[in-house]
Amino acid sequence: MKKIAIVAAAALVLGATGEARAQEWFWGGSYSMSLPLANTKDFNEGFSFRGVTIEGRKLISENFSTGLSFGWHVMNDVRTGTIELDNAAAFGTWYTYTNSFPLFVNAHYYLGQPGGIRPFLGANVGTSIYEQRAEVGQVAFTEDKWRFAVAPEAGFVIPLGWYVRGFVSARYHYMTGSPTQQYLSFNVGIASN
Amino acid sequence: MKRLGLVALALGLGVGCYPGDPTSISEFDTVLTVRNPDFAFSEALSFYMPDTIVQINQDDDDAIEIGRDNDEDILARVRSNLLAQGWSELNDDDIDNGQVPDLAVANLVMATENTQWWVSYPPGCWDPYWCWGWYWPPIYGSTTYRAGSYFVVAASALDITDPGNADELEVAWSGAMNGVLAQNTGSNFTRLLDGIDQMFEQSPYLSGPTPEPAN
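Predicted model only: the values in this text are computed from it and were never measured. (Residues numbered from 1 in each chain as written. Chains lettered and ligands numbered in written order. Predicted model: local features only at pLDDT ≥ 70, side-chain atom pairs only at ≥ 80, totals over all residues. Heavy atoms only, no water.)

**Q** Please clarify how empty space enclosed by the protein should be interpreted in this entry.
**A** Unoccupied space between atoms shows up once a probe the size of one water molecule is rolled over them. Across all of its chains, the model carries one cavity of 30 Å³ or more by this definition. The calculated volume of the largest cavity comes to roughly 30 Å³. Residue lining of the largest cavity: Thr93(A), Tyr95(A), Glu135(A), Val136(A), Gly137(A), Pro22(B), Glu27(B) and Phe28(B), and that is the complete set. Of all elements in the fold, only β4 (88–110) and β5 (118–136) of chain A reach the threshold of two or more residues within the lining of the largest cavity. Looking at side-chain class alone, the lining of the largest cavity contains four nonpolar, two polar and two charged residues. (1 Å grid on protein atoms, 1.4 Å probe; cavity = no way out; pocket = protein on both sides within 12 Å on 5 of 7 lines; lining within 4 Å. Points joined across faces, edges and corners; volume = space filled by probe spheres on them. Helix = DSSP H or I, 4+ residues; strand = E, 2+ residues; numbered from the N terminus. Nonpolar A, V, L, I, M, F, W, Y, C, P; charged D, E, K, R; others polar.)

Below is the structure:
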């Protein structure tokens, strides 16, 4: 009887633990690099190594999670040249800066088996505080906008230890507005539960 | 979660809002040109340019006195750029003999000294009176810089009805160079000459309409 009680208790604990693992939150941070595209590239060209992303994902099942993500991506450029305006032209050294703060809710689907390297696909939907600033001479022009934003994502989760996962991913950020803004972010990070 | 916070903090370090500030004073230089779309620039315009650079803010509180040693060279650079457009210059004798140029060209300068005061508190102290339990006075300071602007203005001289008295002239074209003045006046002079060249380089229409390409 005593043995049965111990086995039953162990089963309950293991069962509860198994349930908890399916419902657990993973929190992570990643170093984000950005590659501007289209209109974003016209404003500031070149690969950026400045950025960070913080996110949390809740495992709903072994293959599916939902979560939140917040990022801060900085792109900048320096160009010396002339900008043509209506009946005017301005020459100078133009410093351009983009600060993008995407705030997403997301869902991810994981392939492969728990415990192994798992490719995943994700969808991020939300908004982005998008600031563009241009400085020339002693003058600066700044525009801040809230934009609707989506970011499909693909990546890998790599087990690093009992509680720790590494992950790499690429996100294609698309922001509505006039003009639209687009860039790719490449993220390398770790997550823990 | 504590470990995660440390990781996030570490990742956040090195992230800046506006990286890559100007490293040279010449990077503050800007050249702006504006044209009157109603004025027809032809290939053979005549101009008259007085041999004086006029300081237009002389009476202002923030005005500084400028050296005049390089005036002749500066005017020569403007003149050579105008002649390079295919334009011809009328001198004082031509004007005295009653010839009227198409354009009157004026050279103007403005130089100012600007002082900006700032106040700062030790890190984490937003209140100047109590900071971490102690009185900590704010730190005051000031930053002063000198800025200069040079203008070349070409106005239609045909509108002059009463020479020697003020007339409202139709401005055909104007160029402005703006920059921060360095202590090294030689550097200021060189940058100004480059700026004058740039005014004309970005105004190719001054030499007349671009010919249609031959078929």
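**Q** Would you mind showing me how to read a negative patch on the surface here?
**A** All names here are of chain B. Together, Asp59, Asp60, Asp61 and Asp62 make up a negatively charged patch on the protein surface. Summarising the element assignment, Asp61 is placed in the loop between β3 (53–55) and α2 (71–84). By relative accessible area, Asp61 is classed as exposed at 84%. (Patch = residues over 30% accessible without salt bridge, like charges linked within 9 Å, V, L, I, M, F, W, Y side chains within 5 Å. Areas by Shrake-Rupley, 256 points an atom, 1.4 Å probe, with all protein chains shown as cover. Salt bridge = Lys/Arg side-chain N within 4 Å of Asp/Glu carboxyl O. Lys, Arg positive; Asp, Glu negative; His and termini not counted. Charge placed at Lys NZ, Arg CZ, Asp CG, Glu CD. Buried < 20%, exposed > 50% of the residue type's maximum accessible area, 1.4 Å probe, protein only.)

**Q** Any chance you could explain the nonpolar core here in plain terms?
**A** Nonpolar side chains in soluble globular proteins generally cluster together in the buried interior. Residue and element names in this part refer to chain B. Within the largest apolar cluster, 29 residues are counted, with the highest numbers of intra-cluster contacts made by Phe41, Tyr150 and Trp173. Sorting the residues of this core by element identifies α2, β5 (103–120), β6 (139–156), β7 (171–181) and α4 (185–201) as the ones contributing at least two each. Looking at which element gives the most residues to this core, the answer is α4, with six residues. In this structure Trp173 touches Thr33, Val34, Arg35, Phe41, Val152, Val153, Ala154, Met199, Phe200, Ser203, Tyr205 and Leu206, once residues within four positions along its chain are discounted. (Core = buried A, V, L, I, M, F, W, Y, C linked by side-chain atoms within 4.5 Å. Contact = heavy atoms within 4.5 Å.)

**Q** Would you mind showing me how to read the layout of surface pockets here?
**A** Residue and element names in this part refer to chain B. Quantified by volume, the largest pocket comes out at close to 750 Å³. The wall of the largest pocket is formed by 34 residues, among which Ile66, Gly67, Leu181, Thr185 and Asn188 lie closest to the centre. Mapped by element, the contributors of at least two residues to the lining of the largest pocket are α2, β5, β6, β7 and α4. Sort the elements by how many residues they give to the lining of the largest pocket and β6 lands first, with six residues.

**Q** Sorry if this is basic, but what is going on with the environment of Tyr121(B) here?
**A** Within the fold, Tyr121(B) resides in the loop between β5 and β6. When the C-alpha atoms of Tyr121(B) and Tyr18(B) are compared, they prove to be 22 Å apart, with 103 residues separating the residues in sequence.

**Q** Hey, could you run me through the packing of aromatic side chains in this one?
**A** Aromatic ring pairs are defined here through the distance separating the ring centres and the angle between the ring planes. Applying the stated criterion to the full structure yields nine aromatic pairs over all chains. Arranged with centres 5.7 Å apart and planes meeting at 50°, the rings of Phe41(B) and Tyr205(B) form a pair that is tilted. Here Phe41(B) is found in the loop between β1 (30–35) and β2 (46–48), whereas its partner Tyr205(B) is found in the segment after α4, with 164 residues between them in sequence. With respect to burial, Phe41(B) and Tyr205(B) carry one shared label: buried. Here the aromatic residues Phe47(A), Phe49(A) and Phe186(A) are joined through ring pairs into a cluster of three or more. Over the ring of Phe120(A) we find Arg57(A), and its NZ or CZ is 4.7 Å from the ring centre. The lysine or arginine in question, Arg57(A), covers the ring of Phe167(A), its NZ or CZ lying 5.8 Å from the ring centre. (Phe/Tyr/Trp six-rings, centres within 6.5 Å; stacked < 30°, edge-to-face > 60°. Lys NZ or Arg CZ within 6 Å of the ring centre and 35° of its normal.)

**Q** Explain a nonpolar patch on the surface here, please?
**A** Residue and element names in this part refer to chain A. Together, Ile60, Phe64, Tyr109 and Leu111 make up a nonpolar patch on the protein surface, roughly 350 Å² of accessible area in all. Among the secondary structure elements, Ile60 is positioned in strand β2 (residues 50–61). For Ile60, a relative accessible area of 38% gives the class partly exposed.

**Q** Is there a simple way to think about α2(B) in this case?
**A** Residue and element names in this part refer to chain B. In a regular helix each residue adds 1.5 Å, so 14 residues correspond to 20 Å; α2 covers 20 Å between its end C-alpha atoms and thus fits that length. Those residues of α2 that are buried are in contact with β2, β3, β5, β6 and α4. Note on α2: the residue one or two positions beyond its end, Gly86, has a positive phi of about 95°. (Expected span 1.5 Å × (residues − 1).)

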